[in-house]
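# Structural description and commentary
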Amino acid sequence: MPPKNFKRKATATDGTLSPHVATLAEQLSYLHLPRPFKNPEYTKNLNRRAKNLKNVMGQERERERAEREKKRLEKAEKDAMEVDGKEVTMENEEIPTYLSIEAPPSVLPHKHYCDITGLEAPYTDPVTGLRYHDKDVYALIKEMSASTAKEYLSARGVNSIVK
């Protein structure tokens, strides 16, 4: 089936028009088929407005603060006791979130990085104490002088004696 809006070419051999024979490319073409990638019922929501990061973060902090306050009040009602005519309540419990700075230390081991390339370093040179990424960097470490190795160590913050 030829594509839509396809105009047939006229041939001027004997003045009569001959029917156009579709080529293989025209027969296998998908141009005439509808393209259902757009939803025809879609309407844009005009009430939605764009918010910048500062507004989003502020709303998130406020929502989390309200949730913590609600939990604290529920816990205070549950745990409140009368002692000498005074109410004793639990202290405000802070829960670490992505927005708060207070978080427990990581239980994962620290990553070591190569002193030469800055890539992850699974190896340490026993002579100089430099960390290295692979055998090519190790060959470079073997060729360097003790003073250069000491400078690399001081850049990392390690002041050890190079043997």
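Every chain is numbered on its own, with residues counted from 1 as its sequence reads. For a predicted model such as this one, the threshold for reporting local features is a pLDDT of at least 70, and the threshold for listing and counting side-chain atom pairs is 80 or more; totals across whole chains, interfaces and linings nevertheless cover every residue. With hydrogens and water set aside, each side-chain value is computed from the structure's full complement of heavy atoms.

### Some thoughts on the overall build of the protein
We apply this condition: Numbering of helices and strands runs from the N terminus, with a helix taken as a DSSP run of H or I at least four residues long and a strand as a DSSP run of E at least two residues long. Only protein chains enter the calculation, and the probe is 1.4 Å; a residue is then buried if its accessible area is under 20% of its type maximum, exposed if over 50%, and partly exposed in between. Residue contacts follow a heavy-atom distance rule, with two residues in contact if any of their heavy atoms lie within 4.5 Å. The Shrake-Rupley method, run with a 1.4 Å probe sphere, supplies the accessible areas, and residue values consider only the shown protein chains as cover.
When helices and strands are counted, the protein shows 4 helices and 4 strands. Split into buried and exposed, the 163 residues of the protein put 12% on the buried side. Of all intrachain contacts in the protein linking residues separated by at least 6 positions in sequence, the fraction that spans at least 24 positions is 26%. Looking at the protein as shown, the accessible area adds up to about 15000 Å², and 57% of this sits on carbon and sulfur atoms.

### Concerning the pattern of salt bridges
Convention followed: When a carboxyl oxygen of Asp or Glu is within 4 Å of a side-chain nitrogen of Lys or Arg, the pair counts as a salt bridge.
Enumeration over the complete set of coordinates arrives at 7 salt bridges. The closest approach of N and O atoms between glutamate 69 and arginine 72, which form a salt bridge, is 2.5 Å. Linking glutamate 69 with arginine 72, this pair stays in helix H2 (residues 53-79), spanning 3 residues, or about one helical turn. Here glutamate 69 falls in the partly exposed class, since its relative accessible area comes to 29%.

### Considerations on the packing of aromatic side chains
Going by this rule: Stacked, tilted and edge-to-face are the three classes applied to pairs of Phe, Tyr and Trp rings, where Trp contributes its six-membered ring and a pair requires centres within 6.5 Å; stacked means planes under 30 degrees apart, edge-to-face means over 60, and tilted covers the rest.
Applying the stated criterion to the full structure yields 2 aromatic pairs. Ring centres of tyrosine 123 and tyrosine 132 lie 5.5 Å apart, and the angle between their planes is 25°; on these two criteria the pair is classed as stacked. Residue classification places tyrosine 123 among the partly exposed positions, given a relative accessible area of 42%. When its relative accessible area of 11% is taken as the criterion, tyrosine 132 is described as buried. Between tyrosine 132 and tyrosine 138, the aromatic rings sit 4.8 Å apart at their centres with planes inclined by 35°, giving tilted as the arrangement. The class of tyrosine 138 is partly exposed, set by a relative accessible area of 25%. Members of the aromatic cluster, connected to one another through ring pairs, are Tyr123, Tyr132 and Tyr138.

### What to know about the nonpolar core
Applied cut-off: Grouping buried Ala, Val, Leu, Ile, Met, Phe, Trp, Tyr and Cys residues that are joined through side-chain atoms within 4.5 Å yields what is termed a nonpolar core.
Judged by nonpolar contacts, Cys114, Ala121, Leu130, Tyr132, Val137, Ile141, Met144, Ala149 and Leu153 together constitute the single largest core of 9 residues. Among the secondary structure elements, those contributing two or more residues to this core are helix H3 (135-143) and helix H4 (146-156). Here isoleucine 141 is in contact with Ile116, Asp125, Thr128, Leu130, Arg131 and Tyr132, once residues within four sequence places are set aside.

### What about the confidence of the model for the protein?
The cut-off we apply is this: Confidence scores labelled pLDDT are given residue by residue by the predictor and lie between 0 and 100.
For the protein, the mean per-residue pLDDT works out to 80, and 73% of the residues sit at or above 70. No element of the protein has a lower mean pLDDT than strand S2 (residues 86-88), at 53, and none a higher one than strand S4 (residues 131-132), at 95.

### Remarks on the side chain of glutamate 26
Looking at the secondary structure, you find glutamate 26 in helix H1 (residues 24-27). Judged by relative accessible area, which is 16%, glutamate 26 ranks as buried.

### Here's the deal with the environment of lysine 142
Its location among the elements puts lysine 142 in helix H3. Spatially, the C-alpha atom of lysine 142 lies 9.0 Å from that of threonine 128, the residues being 14 residues apart in sequence. If near-sequence neighbours (up to four positions away) are discounted, lysine 142 is found in contact with Asp125 and Val127.

### Some remarks on the side chain of arginine 131
Defined as follows: Here Asp and Glu are counted as negative and Lys and Arg as positive; His is not counted, and neither are the chain ends. Whenever two N or O atoms come within 3.5 Å, that pair is a polar contact, provided that in protein one can donate a hydrogen and the other can accept it, and provided that, for residues adjacent in sequence, both atoms are side-chain atoms.
Within the secondary structure, arginine 131 is located in strand S4. No salt bridge is formed by the buried arginine 131; its nearest oppositely charged neighbour, aspartate 115, is found at 5.6 Å. Side chain to side chain, arginine 131 and histidine 112 meet in a polar contact 3.0 Å long. What arginine 131 contacts, discounting residues up to four positions off in sequence, is His112, Tyr113, Cys114, Asp115, Ala121, Tyr123, Thr124, Ile141 and Arg156.

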